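# Understanding the architecture of this molecule
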Amino acid sequence: MSRLYATFKYTLISVWAGFVVGPFMWAVLTSFKDANGVQGGATYLPWVQYEPTLTGWQNIFGGAGGVDVVRPFLNSAVITLVASIISLALGALAAYGLSRYRFKIGFIANSDIIFFFVSQRIMPPVVLVVPFFFLLQWANLLDTIPGLVIVTVALLLPIAVWVMVDFFNGIPRQIDEMAMLDGCGPFGAFVRAILPNSVPGLTVAAMFCAVFGWNDFFFAFRLTFTEIQTLPQAVVALNSSIPPWWTLSAAALFGMSPLILLAVWVERYLSKGSLPGVIR
Amino acid sequence: MAQIDIVDVGHTYTAGAEQERWALKPMRLTLEAARTYALVGPSGCGKTTLLNILSGLVKPAQGRLLFDGSDVTALPTKARNIAQVFQFPVIYHSMTVYENLAFPLRCRRWDKARIEARVHQVAEALGLDHRLRQPARRLTADDKQLISLGRGLVRDDVAAVLMDEPLTVIDPQLKLSLRRRIREITEQFRPTVVYVTHDQYEAMSFAQEVLVMKDGRVIQQGTPEQLFEAPASTYVGYFIGSPAMNFLTVERVGGQVTLAGRPLAMAWDVPDAPQIQVGVRPEYVKIVGEPAANVFPTRVRGVRDHGPQRVLEVELAGQLIKVKTPREDGVPATGQILVELPRAKVLPYVDGHLATTPRAADPE
Ligand SMILES: Nc1ncnc2c1ncn2[C@@H]1O[C@H](COP(=O)(O)OP(=O)(O)O)[C@@H](O)[C@H]1O
Ligand SMILES: [Mg+2]
């Protein structure tokens, strides 16, 4: 029975791992091929079945016939970082308020406000992009980094609020009460007693922000023209009538690298067991 | 150190509820400066609510709160200068033990040397001095509660110290010495102390005055002595004292109260009522050898050990009462014993309430 279960379990895990790792490995292999390597069916073994080259990788760093993705990479990094920080700061404040105080504006209560935040993500991006376009145009921020930062904050804030409300709800209210008895005002209680205990929640929220911010293609695509290009845009721009698969693969891997590093770092942090059970 | 006046303060957690169902019925109460009060009552009777109103964590639905005569009802917790210890440990997980204890002082901008001295003093009193550098989250529940306690006692300039069943999670072995430590620390700066407990022994031994609560009301306030000698209601009689006070239903024939067909003399005028009960503490019921006034024959129904004492359960006119006797007296040999209900210690109760009017000229 338990043997059967173990077999079943590991089979399932292997299949799943194949699904997850397969495309990734495929991209790794492809990124070291060139036009010859990708023609004539699938090949797997470097040096045996095909001759590995660095063409793809050279192309994304300004090699002849390629596109330099370093500049878009930096753009994406700045936008994601700044927008994530702003979203976390505003989101944590909003979430703390929503977690600790009862609001009532007409028939609108806390849960409605939280739903309002989350609903921003439920709405299809197409619906949002037109108003964003006109707002940015009005503010003269189209095709600029600040403009994209603002839009990205609008995308990330709901996530930050959602994650943090849940997290703060899990922190006993007595901690705040204690801090107020000890001489803090509501804001002091938040900053001095709650925030230092919120690193796990903030990490999870930051992770989400980073992933969603980093991967945004649609809004950057619609709200920039010539001046600013983000990494996902650059990767797509590599495409041409004959797709240079090796360059695309290299660009995709390069684009993924910060998130992979982030995931490894957070995973370590998770496995140390410091995320759950920080409170009690 | 402040006198606290509670003026018609009442509270409900459900807006619009009728007053009979409020968690705290409107009450008027004065807590004198530098006195130690114990608040006792069953779970859910409003003890925590009252404390939270005093500290400002709960804003009362009605009424005013005065500290030394000035109205603090609208003041936030921070501005009230009150220390409070919760029933369960509340510590700042990100800080060390030292930082936890120093936090209230740092928030109030004490200078460093003074903080250091005070934290060490309190830590030493609570036996935390050797773990000041440890991260607070690593400690056991007991030690965490000690930190909570320490944080409540560390400020020596507070108006009042409110403690909400602070020793509930503490090891019984430690309780006794901790109670003494708390007393020692508070006696140094003499704040007004309100100590909530459901342990009547703790209340009686710790406080100068005891408030008994029930269903959101303070039903009796008095010194431990007063609560023991003259419970205002049968409820308090049951609640305070171990074992609880004995209550016996008596008859009234003409002007005379009788029990089991014999007259029962009392030091009080007993009002005329359809149903009268008398209460007498098990401590005051005496086993005697000879029939006399206020002596009744009983039958022994059971014997229980009660620490250094022994509690006999005897049946008197079909009603069970308890008698506390010293251990060295031994268990009475016969099943039949005579007990005396001392005249001055037997109290009349009508409708569950004490109905004594001390006799104008009591011949004694
Ligand atoms: N935050 C709250 N919300 C709603 N009802 C509450 C709240 N706190 C206490 N109550 C209710 O108020 C009453 C008094 O509670 P409490 O003051 O905690 O009693 P105690 O401390 O004596 O056990 C109880 O009936 C309890 O259910
Ligand atoms: Mg309570």
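Worth saying up front: this structure is predicted, and the values here are computed from it rather than measured. (Residues numbered from 1 in each chain as written. Chains lettered and ligands numbered in written order. Predicted model: local features only at pLDDT ≥ 70, side-chain atom pairs only at ≥ 80, totals over all residues.)

## Regarding the pairing of strand β19 (residues 319-326) of chain B
Residues and elements named next belong to chain B.
- Inspection of the sheet shows strand β18 (residues 309-316) paired to β19 by eight bridges, in the antiparallel sense. Residue Glu-315 lies in a different strand from β19, and its bridge partner there is Leu-320.
- Counting the residues that bridge the hairpin from β18 to β19 gives two residues, and of these Ala-317 lies at a positive phi of roughly 50°. (Pairing = 2+ DSSP bridges. Helix = DSSP H or I, 4+ residues; strand = E, 2+ residues; numbered from the N terminus.)

## Notes on the site of ligand 1
- Every residue close to ligand 1 is listed here: B:Tyr13, B:Ala23, B:Gly41, B:Ser43, B:Gly44, B:Cys45, B:Gly46, B:Lys47, B:Thr48 and B:Thr49.
- Among the residues forming the shell around ligand 1, the class breakdown is three nonpolar, six polar and one charged. (Near = placed C-beta within 6 Å. Nonpolar A, V, L, I, M, F, W, Y, C, P; charged D, E, K, R; others polar.)

## Some points on the interface of chain B and chain A
- If you look at the interface, chain B gives 17 residues, while chain A gives 15 residues.
- Elements represented by at least two residues in the side of chain B that touches chain A include exactly α2 (77-80), β6 (82-85) and α3 (97-107) of chain B.
- Class assignment for the residues of the side of chain B that touches chain A results in nine nonpolar, five polar and three charged. (Contact = placed C-beta atoms within 7 Å.)

## Section: the domain arrangement of chain A
- If you check the domain split of chain A, you get domain 1 (2-60) and domain 2 (70-237).
- Spacing between the C-alpha centres of domain 1 of chain A and domain 2 of chain A amounts to 36 Å. (Domains from an automatic or database assignment.)

## As for the sheet that holds β6(B)
Residues and elements named next belong to chain B.
- Spatially, the six strands line up as an open sheet ordered β6-β7-β8-β3-β9-β10, and their pairing is mixed. Taken across any chain shown, the strands that pair with only one partner, and hence form the sheet edges, are β6 and β10 (217-222). For this sheet the average axis-to-axis angle between neighbouring strands, irrespective of direction, equals 15°.
- Pairing geometry for strand β9 (residues 209-214) and β10, over five bridges, is antiparallel. Directly across from Leu-211, in β10, lies its bridge partner Gln-221.
- With respect to the sheet, helix α5 (residues 141-153) is in contact with β6 and β7 (160-164), its orientation differing from that of β6 by roughly 165°. (Axes fitted to C-alpha atoms, helices over the stretch in contact; angles between N-to-C directions.)

## Quick notes on the UniProt feature "domain: ABC transporter" (unreviewed entry) in chain B
- Here the UniProt-annotated "domain: ABC transporter" (unreviewed entry) positions come out as residues 4-240 of chain B.
- Across residues 4-240 of chain B, helical content stands at 37% and strand content at 24%; the span's end C-alpha atoms are separated by 25 Å. (UniProt positions renumbered as here; feature names shortened; annotations may be inferred.)

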